[in-house]
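Listed below, chain by chain, are the residues.
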Amino acid sequence: MALKVNRREFIKITGAGIGGAAVAGGVGKVAYGLIKGDSGDDVITRVPTFCEMCTFQCAGWAYTKNGKPWKIVGNELDEHCYGRLCTKGTSGFGIYNDPDRLKTPLIRTSERGKQVFREATWDEALTYIADKLKEIKETYGPESVAMFSHGSGGSWFKTLLKAYGTTDFVAPSYANCRGPREEAYMNTYGEAIESPERTDMKNSKCIVLIGSHIGENTHSQQVNEFAQALRNGASLIVVDPRFSIAASKAKYWLPIKPGTDLALLLAWINVIIYEELYDKDYVRRYTKGFEELKKAVKDNTPEWAYPITTISPDVIRETAREMAKHKPSTLIHPGRHNVWYGDDTQRVRAGAILNALLGSWGRKGGFFIPESAELPEWPIPAYPKPKRSFKDTEAGQKYQLANLAISAGVCAATVHGVTGEAERAFYEGWFIYGCNVLKSMPQRENTIKALQNLSLVVVIDVLPTEITGWADVVLPDTSYLERYDDIRHSQGRTPQIALRSPVFEPRYNSKPAWWIARELAYKMGLGDYFPWKDVEEYLDFKLKKIGSSLDEMKRLGVKNLERTTPLYIGKNEDYKFPTDSGKIELYSETLKNFGFDPVPVYRRHDEPEGGYYRLLYGRSASHSFARTINNPILSELDPENEVWVNPIVAIEWGLKNGQYVRLENQDGVVSNKVKVRVTERIRPDSVYMVHGFGSTAKNLRRAFGKGADDQELMTRILVDPIMGGQGMHGNFVTFRV
Ligand SMILES: Nc1nc2c(c(=O)[nH]1)N[C@H]1C(S)=C(S)[C@@H](COP(=O)(O)OP(=O)(O)OC[C@H]3O[C@@H](n4cnc5c(=O)[nH]c(N)nc54)[C@H](O)[C@@H]3O)O[C@H]1N2
Ligand SMILES: Nc1nc2c(c(=O)[nH]1)N[C@H]1C(S)=C(S)[C@@H](COP(=O)(O)OP(=O)(O)OC[C@H]3O[C@@H](n4cnc5c(=O)[nH]c(N)nc54)[C@H](O)[C@@H]3O)O[C@H]1N2
Ligand code: SF4
Ligand SMILES: [Mo]
């Protein structure tokens, strides 16, 4: 679908101050082809952006026809999406057009938690925040402000808050998502996986998915590379208690008993080692602790794992041999959302160890060495040095191997005292950008306790979601289609830069994140940290420093830069890993020194009692978390979630397909009504639903009350002792018919 525009027809740039190549008609047919009903008079514009329907930032082109939204397509150059956006990405106009959007700044007039506000001018709202921030700084110190952030626009507020004097930035996407993965790889290879994943999946000859439900998890790059590998004949092994979309493409589907993956991984390691199927040269050259590992897994035979996992020893052996057959182009996928059972860092580490035995790190079809473009920053004054940070909170002290702040730890420190100063809380103010912490963090009552204890809550969002109800001030961000953001320069095979530029003028009285943060800075006397005339000047300055320009990026959308290092580790290369030992640590001294198992050890998890089922959850291919549930286009495609129930269970309970039930968890929490889907695709010991539904925000008119919310049923959390991740798979539910 490359855009082929004849120069002659490529007439003029239009769009009041808005970038983008406009193709005007009137001189013959516009050469976009294949669009039925195109008349020569249509005015078509094409503007580069990157998507914010989830936070994966796929680059694309937004087209308008006669000033109206037309279509959004992927940018072919982009390694996040290879020119193909997911369903949500192509539905981006839905957020621009959503009539429920936040329209103007709001200031609370009632108690927190109720969506009762008065409309305010930007000046009033920002003055309110600036005054309060000044007061907090004087009374408690600037370090008393934390920011939750998920999404591109958060970076402008981080600049503001660093200038103010705090660095406590937190995101549920760490301790409620991929934190265990990052620390598992950090403690094995000295480097994290990061986003987008450094998996060389398109070149893999054997892919092992442990839970990762690529296909329903629609991160475009992952889906595209997965499809490419399968087209090339890659062998696929899927471990999932549920017959996922990915499982339907697999050579081996292992419907494992939930919570026992670590036993399976140890048994695979056992087979690979004791059948001598590992990459001997790689292991000798690059790893440390092989003998200790070998000894530690001696008894973890397939026969040992069978009663634990319910996967037969033959299948365990056969799949281990399959992996070994394709080494080093075998990828034990590290997963992404892996806060499951509390032993998550160890489980993911077992996969990391398996990858090392197969020699796949730094090898084609395993993991490549990523690079990202270095972008110079605008010269600004040095930031003040905070006197304390999250590291000084109770959670910060307890989880020393966590490399980022832990969401639940920030909540706790908002209720409890500063270390040594128990009479007052550590945090007094929160900024929340693009997070809906009431939907993304379990044990909601703790989040609410924290919200009630704050003296300032600022929410910057596009929709009146659950969290906006708790704000003192709500600031309406523009949708991503109405704003510039900073240059994307994420890691990948090719160092790439990508531009997001506005397709439309901001609707209502919304303002782009960069503008809001800068206005606040002005009000707080921190204007020196935003010294540019406007965001275009800011972007152009940075781009020119690396040999591009805003004009060029408006034409290209995505630009490839040269790599400076090889993509893979060279054959026989004397490669040094950034660990303490310089080697891949199969046996981890660091973990041992912190009191954790140096080699992962399987320990049993609680199981549901009679009449209860383990609550599993995942993604809808048509939604991102709870953030798209109100989208006019996507809510039509997928209006509510269903609870998957095995036919045996359905018979036992007399449940019929399509019938509504409520779920009640082990602590007596009862869900909203949810439709039953009777299917063999889920084990009888579990039920499954997609996350994100069951909205309680009345102003989200399409989402409100539709389906059930997995989050409210998560009252029991299995905390990862290594990095504080909040394992959410330990909740059991029964039916209320
Ligand atoms: N469409 C869409 N795509 C998305 C997102 C989205 O919201 N919507 N979100 C993105 C984000 S941020 C993330 S982190 C990823 C999450 O996506 P993934 O990392 O792929 O998902 P997980 O939640 O880890 O895994 C869910 C799967 O694990 C299975 N499972 C449950 N328990 C167990 C178990 O004990 N063992 C095993 N082996 N499997 C189990 C479930 O049946 C389900 O198929 O998706 C990303 N992609
Ligand atoms: N129960 C349960 N909990 C989970 C998960 C789960 O599967 N089940 N998944 C976990 C995972 S993997 C992750 S990554 C986290 C994610 O959780 P969060 O970090 O909280 O992220 P989102 O759900 O993406 O954030 C949604 C908010 O961003 C707003 N938003 C959307 N676009 C914009 C924009 O352009 N500007 C601004 N300012 N706001 C915008 C939306 O309106 C919404 O309020 O949740 C985790 N929590
Ligand atoms: S994965 Fe889909 S929703 Fe997420 S950024 Fe890419 S196109 Fe957008
Ligand atoms: Mo995530």
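Residues numbered from 1 in each chain as written. Chains lettered and ligands numbered in written order. Predicted model: local features only at pLDDT ≥ 70, side-chain atom pairs only at ≥ 80, totals over all residues. Heavy atoms only, no water.

1. Re the overall build of the chain
This is how the line gets drawn: Secondary structure elements follow DSSP: runs of H or I of four or more residues count as helices, runs of E of two or more count as strands, with numbering from the N terminus. Both definitions apply: the radius of gyration is a C-alpha atom measure, and the globule rule equals 2.2 Å times residues to the power 0.38. Using a 1.4 Å probe on the protein chains alone, a residue whose accessible area is under 20% of its type maximum counts as buried, one over 50% counts as exposed, and one in between counts as partly exposed. For the accessible areas, the method is Shrake-Rupley and the probe is 1.4 Å, while residue cover comes only from the protein chains on display. His is not counted here, nor are the chain ends, while Lys and Arg score as positive and Asp and Glu score as negative. In plain terms, the charge of a residue is placed at NZ if it is Lys, CZ if Arg, CG if Asp and CD if Glu.
Each helix and strand in the chain was counted, giving 22 helices and 29 strands. What you see for the chain is a C-alpha radius of gyration of 26 Å, in line with the 27 Å of a compact globule of 737 residues. Its C-alpha atoms give the chain principal-axis dimensions of roughly 70 × 65 × 55 Å. Counting the 737 residues in the chain, one finds 62% classified as buried. On the chain, roughly 27,800 Å² of surface is accessible, and the fraction owed to carbon and sulfur atoms is 51%. The average position of the 96 basic charges and that of the 90 acidic charges among the side chains of the chain differ by 4 Å.

2. Considerations on the domain arrangement of the chain
Stated formally: What marks off one domain from the next here is an automatic or database domain assignment. By definition, residues are in contact when any of their heavy atoms lie within 4.5 Å. A quick way to say it: buried area is the sum, across both parts, of accessible area lost when two parts are put together, with a 1.4 Å probe. Each salt bridge in this description consists of a side-chain nitrogen of Lys or Arg and a carboxyl oxygen of Asp or Glu lying within 4 Å of one another. Pairs of N or O atoms are called polar contacts if they sit within 3.5 Å, as long as, within protein, a hydrogen donor faces a hydrogen acceptor (for residues adjacent in sequence, only side-chain-to-side-chain pairs). Side-chain classes are defined by residue name, with Ala, Val, Leu, Ile, Met, Phe, Trp, Tyr, Cys and Pro counting as nonpolar, Asp, Glu, Lys and Arg as charged, and the others, Gly among them, as polar.
As far as domains go, the chain holds domain 1 (2-85), domain 2 (106-170 + 392-491 + 494-560), domain 3 (180-368) and domain 4 (613-736). Tallying the contact residues gives nine residues for domain 1 and 10 residues for domain 3. Roughly 760 Å² is buried in total at the junction of domain 1 and domain 3, and carbon and sulfur atoms are behind 56% of that figure. At the boundary of domain 1 with domain 3, the tally comes to zero salt bridges. At the surface where domain 1 touches domain 3, the tally comes to five residue pairs in polar contact (both at pLDDT 80 or more). Residues belonging to the side of domain 1 that touches domain 3 are distributed by class as follows: six nonpolar, one polar and two charged.

3. Looking at helix α4 (residues 154-164)
An α-helical segment advances 3.6 residues per turn. Residues three or four places apart therefore align on the same side. A large share of α4 lies buried, amounting to eight of its 11 residues. Among all positions in α4, only Gly154, Trp156, Phe157, Thr159, Leu160, Leu161, Ala163 and Tyr164 are buried. Where α4 ends, the next residue or the one after it, Gly165, has phi of about 130°, a positive value.

4. Quick notes on the nonpolar core
Our working definition: To qualify as a nonpolar core, a set must consist of buried Ala, Val, Leu, Ile, Met, Phe, Trp, Tyr and Cys residues joined through side-chain atoms within 4.5 Å.
If you look at the biggest cluster of nonpolar residues, it comprises 70 residues, and the most contacted ones within it are Trp268, Ile269 and Leu357. Among all residues touching Ile269, those that are not within four sequence positions of it are Leu293, Val297, Ala350, Ile353, Leu354 and Leu357. With 48 residues, the next largest nonpolar core counts Trp122, Ile136, Val535 and Leu539 among its residues.

5. Re the site of ligand 3
This is how the line gets drawn: Only heavy atoms are used to decide nearness, and a residue is near a molecule or strand if one of them lies within 4 Å of it.
Among the 13 residues in the neighbourhood of ligand 3, the closest are listed as Cys51, Cys54, Gln57, Cys58 and Cys86. Here the shell around ligand 3 is composed, by residue class, of seven nonpolar, five polar and one charged. Here the shell around ligand 3 spans two domains, and each of domain 1 (2-85) and domain 3 (180-368) adds at least three residues to it.

6. Some thoughts on the sheet that holds strand β16 (residues 429-433)
Test applied: When DSSP locates at least two bridges between a pair of strands, those strands are taken to pair. Here the axes come from fitting lines to C-alpha atoms, over the contacting stretch only for helices, and the angles between their N-to-C directions go from 0 to 180 degrees.
Taken together, the seven strands give an open sheet; going across it, the order is β6-β5-β18-β17-β16-β7-β8, and neighbouring strands pair in mixed fashion. Edge positions in the sheet fall to β6 (117-119) and β8 (169-170), since each of these pairs with one other strand and no more. Pairing between strand β17 (residues 456-461) and strand β18 (residues 473-476): four bridges, direction parallel. Pairing of Val459 across the sheet is with Val474, part of β18. On the sheet, helix α3 (residues 122-140) packs against β5 (106-108), β6, β7 (145-149), β16, β17 and β18 and is oriented at approximately 130° with respect to β18.

7. Here we look at the site of ligand 2
The local shell around ligand 2 holds 29 residues, among which His150, Ser440, Asp461, Arg627 and Gln711 are the closest. Asp461 places a polar side-chain atom, nitrogen or oxygen, 2.6 Å from an oxygen atom of ligand 2. At 3.1 Å from an oxygen atom of ligand 2 is found a side-chain nitrogen or oxygen belonging to Arg483. Relative to its free-state accessible area of 930 Å², ligand 2 is covered by the protein chains to the extent of 97%. Residue assignment for the shell around ligand 2 shows that the elements contributing at least two residues are α5 (172-189), α15 (437-440) and β17. Per-element accounting of the shell around ligand 2 gives the leading share, four residues, to α5. Of the residues that constitute the shell around ligand 2, the class distribution is 11 nonpolar, 10 polar and eight charged. Residue assignment places the shell around ligand 2 across two domains, with domain 2 (106-170 + 392-491 + 494-560) and domain 4 (613-736) each supplying three or more.

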